[in-house]
Amino acid sequence: MVDELNLDSVPAVESVGTRAVAYFRSSLDDEGRSVEVQRDFVRRWAAANGVRIVREFFDSGAATAEDRPGLVELMEEWVARRDDFDAVICFDRSRLGRVVDDGGAELAAVCEENGKTMLLID
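Residues numbered from 1 in each chain as written. Predicted model: local features only at pLDDT ≥ 70, side-chain atom pairs only at ≥ 80, totals over all residues. Heavy atoms only, no water.

**Focus on the overall build of the protein**
Quick reminder of the rule: Here a helix means four or more residues in a row that DSSP labels H or I, a strand means two or more in a row labelled E, and each is numbered from the N terminus. Categorising residues by exposure relies on relative accessible area from a 1.4 Å probe, with only protein chains included: less than 20% of the type maximum marks a residue as buried, more than 50% marks it as exposed, and the intermediate range marks it as partly exposed. Residue contacts are counted whenever heavy atoms from the two residues lie within 4.5 Å of one another. Accessibility throughout is a Shrake-Rupley quantity obtained with a 1.4 Å probe, and a residue counts as covered only by protein chains that appear here.
Along the protein, the regular secondary structure elements total four helices and four strands. Reading the protein from its N terminus to its C terminus gives the helix and strand order β-α-β-α-β-α-α-β. A total of 122 residues make up the protein; the buried ones form 40% of that total. Intrachain contacts of the protein at a sequence separation of at least 6 include 75% that bridge at least 24 residues. Of the accessible surface of the protein, which amounts to about 6600 Å², a share of 46% is contributed by carbon and sulfur atoms.

Okay, here's the thing in structure tokens:
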């Protein structure tokens, strides 16, 4: 639940910049980590750190990487092609873990190649 998540345990990060996009994913067996819970936590963190979230992407349900249109759009259309934001914020590595076997390395590489910071705020 949102009340169980503690913003005090998440460090402020000055290198994020002032504009970011966010990615949320929930699977069928996520307890207390729904897209809504993740979104609320990330939005509260962003507000507390002066970061404006300019776009949110999400995927729900058990799926393969090919069935994650939110993640595909994030990487191919936003991170790789736009320069009007500085960071990609994700609730935690587990949101990416089933997308790629290496727990988000593909997204991290796309971010690095395009000058974006990838931030996991778990």
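**Side note on the packing of aromatic side chains**
Keep this limit in mind: Note on aromatic contacts: the rings of Phe and Tyr and the six-membered ring of Trp form a pair at centre separations within 6.5 Å, being stacked when their planes are under 30 degrees apart, edge-to-face when over 60 apart, and tilted otherwise. In our convention, an over-ring charge means Lys NZ or Arg CZ found within 6 Å of a ring centre and within 35 degrees of that ring's normal.
Under the criterion given, the structure shown has three aromatic pairs. Seen from their ring centres, Phe41 and Phe91 are 5.5 Å apart, and the 85 degrees between their planes marks the pair as edge-to-face. With Phe41 in helix H1 (residues 35-48) and Phe91 in the loop between strand E3 (87-90) and helix H3 (94-97), this pair connects stretches of sequence that are 50 residues apart. Given a relative accessible area of 4%, Phe41 falls into the buried group. With relative accessibility at 3%, the residue Phe91 sits in the buried group. Geometrically, the ring pair formed by Trp78 and Phe85 is tilted, given 5.9 Å between the ring centres and 45 degrees between the ring planes. Overall, the relative accessible area of 3% leaves Phe85 in the buried class. Counting every residue linked through ring pairs, the aromatic cluster contains Phe57, Trp78 and Phe85. When the ring centre of Phe57 is taken as origin, the NZ or CZ atom of Arg55, which lies over that ring, is 4.5 Å away. The cationic tip of Lys116 hangs over the ring face of Phe85; the distance from NZ or CZ to the ring centre is 4.8 Å.

**Structural notes on the sheet that holds strand E2 (residues 52-60)**
Where strands meet in a sheet, backbone hydrogen bonds hold them as pairs that are either parallel or antiparallel. Applied cut-off: Whether two strands pair comes down to DSSP finding at least two bridges between them. In this description, a line fitted to the C-alpha atoms serves as the axis of each element, helices being fitted only across the stretch in contact, and the angle between N-to-C directions of two axes falls anywhere from 0 to 180 degrees.
Here four strands make up an open sheet; going across it, the order is E2-E1-E3-E4 and the pairing parallel. Taken across any chain shown, the strands that pair with only one partner, and hence form the sheet edges, are E2 and strand E4 (117-120). On average, each strand axis in the sheet is tilted by 20 degrees relative to the strand beside it, whichever way the strands run. For strand E1 (residues 19-26) and E2, the ladder comprises eight bridges, and the chain directions are parallel. Paired with Ala20 across the two strands is Ile53, which belongs to E2. Relative to the sheet, helix H2 (residues 69-79) contacts E1, E2 and E3, its axis offset from that of E2 by approximately 140 degrees.

**Thoughts on the packing of H2 against helix H4 (residues 105-113)**
Short version of the rule: Angular relationships are summarised with four words: roughly parallel below 35 degrees, roughly antiparallel beyond 145, roughly perpendicular across 65 to 115, and oblique for the angles in between. Definitions for this section: a left-handed crossing has its near helix turned counterclockwise from the far helix by less than a right angle. A right-handed crossing has that turn clockwise. Polar here means any residue outside two lists: the nonpolar Ala, Val, Leu, Ile, Met, Phe, Trp, Tyr, Cys and Pro, and the charged Asp, Glu, Lys and Arg; Gly therefore counts as polar.
Running from N to C, H2 and H4 cross one another at 15 degrees; their axes reach a closest spacing of 10 Å. One element, H2, and the other, H4, form an angle in the roughly parallel class. H2 and H4 meet at a crossing whose hand is left-handed. Here Leu71, Leu74, Met75 and Val79 of H2 lie close against H4, whose contacting residues are Glu106, Leu107, Val110 and Cys111. A class-by-class count of the residues in the contact of H2 with H4 yields seven nonpolar, no polar and one charged.

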